[in-house]
Amino acid sequence: QVQFVESGGGLVQPGGSLRLSCAASGNMFRIYDMAWYRQAPGKARELVTTITSGGVPWYVSSLKGRFTISRDNAKNTMYLQMNSLTPEDTAVYYCNGAPAAPPWPWGQGTQVTVSS
């Protein structure tokens, strides 16, 4: 079982940046592909980006170039660097396994609000 604690969200102006962190418990984190998801108000949770256990990233095409995913297996931590944020990026951001990973419980997420 793996549990996640997301942090680093907040209120930022359009064009700003945030760096999210995901701390994972347990010793399974390092062997699985991981992902960031987000859920905007009134919408379903959606996949944003994934990273393999070896650090190879994949991004939703609309976000490529603005978001960067990374992980530190030694620290059981994953990161999401978000640049050039727009109001459309406003959502609660969650980390979890990639779609093919086991269905671990969702954390509370971290709220990102992009507004002037």
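Structure: see above.
Below you will find a few notes about this structure. Just so we're clear, the structure is a prediction, and the values are computed from it rather than from any experiment.

Rules and cut-offs
Every chain begins its residue count from 1, and numbering advances along the sequence as written. Totals for whole chains, interfaces and linings use all residues, but because this is a predicted model, local features are given only for residues with pLDDT of at least 70 and pairs of side-chain atoms are given and counted only at 80 or more. To get the side-chain values, all heavy atoms of the structure are used, and hydrogens and water are removed first. The helix count covers DSSP runs of H or I at least four residues long, the strand count covers runs of E at least two residues long, and both are numbered beginning at the N terminus. Under the scheme applied here, a residue whose accessible area is under 20% of the maximum for its type counts as buried, over 50% as exposed, and between as partly exposed, the area being computed with a 1.4 Å probe on protein chains only. For this analysis, a polar contact is any N or O atom pair within 3.5 Å, provided that within protein one partner can donate a hydrogen and the other can accept it, and provided that sequence-adjacent residues contribute only side-chain to side-chain pairs. Should any heavy atoms of two residues lie within 4.5 Å, those residues are counted as being in contact. Stacked, edge-to-face and tilted labels apply to pairs of Phe, Tyr and Trp rings (six-membered ring for Trp) whose centres lie within 6.5 Å, assigned for plane angles under 30 degrees, over 60, and everything in between, in that order.

### Quick look at the side chain of threonine 90
Consideration 1: Summarising the element assignment, threonine 90 is placed in the loop between strand E8 (77–82) and strand E9 (91–97).
Consideration 2: Look at threonine 90 and you get buried, because its relative accessible area is 16%.
Consideration 3: Of the polar contacts made by the side chain of threonine 90, one reaches the backbone oxygen of proline 87; its length is 3.0 Å.
Consideration 4: At 2.9 Å, the side chain of threonine 90 and the backbone nitrogen of valine 114 are in polar contact.
Consideration 5: Look past the residues within four positions of threonine 90 in its chain and what remains in contact with it is Ala40, Pro41, Gln111, Val112, Thr113 and Val114.

### Re the packing of aromatic side chains
Consideration 1: Summed over all chains, the structure comprises four aromatic pairs.
Consideration 2: The interplanar angle of 85° and the centroid separation of 5.0 Å between the aromatic rings of tyrosine 32 and tryptophan 104 together place this pair among those described as edge-to-face. In this pair, tyrosine 32 sits in the loop between strand E3 (18–24) and strand E4 (34–39) while tryptophan 104 sits in the loop between E9 and strand E10 (110–114), placing the two residues 72 residues apart along the sequence.
Consideration 3: Residue class for tyrosine 32 comes out partly exposed when judged on its relative accessible area of 24%.
Consideration 4: Members of the aromatic cluster, joined through ring pairs, are Phe4, Tyr32 and Trp104.

The values reported here are purely geometric and, on their own, carry no functional implication.
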